[in-house]
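The chain contents come next:
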Amino acid sequence: MGSATSEPPSQRTPLTDTAETGLKIVVVGGFGVGKTTLVRAVSEIRPLNTEEVMTQAGQGVDETVGVERKTTTTVAFDFGRISLNHRMVLYLFGAPGQERFWFLWDRLFSGTLGAVVLVDTRRMEDSWYAIDRLEHHKTPFVVAVNRFDDDTNRFSLEEIRKALALGEHVPMIDCDARLRSSGKEVLITLVDHLYSMALSQESTP
């Protein structure tokens, strides 16, 4: 990806005294897809993260094809916060992407209202496990395609939907995880999806 940057922390809004509803959202996806970047871009607070410098010990364990320039990795989870309005707050948890940390995912999904699956079309197969676990837990989710500058494939959203075997009921959106405005659009898409599902359940006899 290029040199786009998120808004500086000084422009971010602190939590209001009227906030009364907290919603847990999980951001999942493959290794190096941009989960930490997304949480960092949209968070109103300085995100808690557990990134560590990658060392030779990870060679042969973590698959780095397509993300060779990545120098750090999340070893537990990222945490951030964003206010949707003066009463509703999203608490964001970014899950680690490497296969050796996938055992943490099921516990992280506990109490989750919904999820964002970040997709890197250079490593599309890395998304399958995230989608499988979310479907297993019956956790609603949306798919956000994080477009990297060096991605020459430029698959359309419909092509990606077919490759991931996703039904039409799962919302998909393009995004740039570096940009706060783009990240907020992804979260709004998820909240709208959850709201639509709630209305549909209420209308079902």
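Look up: the structure comes first, before these words.
Each value, and the rule that gives it
- Residues numbered from 1 in each chain as written.
- Predicted model: local features only at pLDDT ≥ 70, side-chain atom pairs only at ≥ 80, totals over all residues.
- Heavy atoms only, no water.
- Salt bridge = Lys/Arg side-chain N within 4 Å of Asp/Glu carboxyl O.
- Helix = DSSP H or I, 4+ residues; strand = E, 2+ residues; numbered from the N terminus.
- Buried < 20%, exposed > 50% of the residue type's maximum accessible area, 1.4 Å probe, protein only.
- Lys, Arg positive; Asp, Glu negative; His and termini not counted.
- Contact = heavy atoms within 4.5 Å.
- Phe/Tyr/Trp six-rings, centres within 6.5 Å; stacked < 30°, edge-to-face > 60°.

## Some words on the pattern of salt bridges
A full pass over the atoms with the stated rule returns ten salt bridges. Where aspartate 150 meets arginine 122, a salt bridge forms, and the shortest distance between an N and an O atom there is 2.9 Å. A residue pair is termed long-range when its members are at least 10 positions apart, and aspartate 150 in the loop between β7 (141-146) and α4 (157-163) and arginine 122 in the loop between β6 (114-119) and α3 (128-136) qualify at 28 residues. The exposure class of arginine 122 is partly exposed, given its relative accessible area of 23%. The salt bridge involving arginine 133 is made with aspartate 132; its shortest N-O contact spans 3.9 Å. A single salt-bridge network, built from bridges that share partners, covers Asp120, Arg122 and Asp150.

## Focus on the side chain of aspartate 151
Tracing the sequence through the fold places aspartate 151 in the loop between β7 and α4. As a buried residue without a salt bridge, aspartate 151 has its nearest oppositely charged side chain in arginine 147, at a separation of 4.8 Å. Among residues more than four places away in sequence, those in contact with aspartate 151 are Thr121 and Arg122.

## Description of the packing of aromatic side chains
Scanning all chains against the criterion turns up two aromatic pairs. Pairing phenylalanine 79 with tyrosine 91 gives two aromatic rings, centres 6.1 Å apart and planes at 10°, and the pair type is stacked. Of the two residues, phenylalanine 79 sits in strand β4 (residues 78-83) while tyrosine 91 sits in strand β5 (residues 88-94), which places them twelve residues apart along the sequence. Site record: aromatic cluster; members linked through ring pairs are Phe79, Tyr91 and Phe93.

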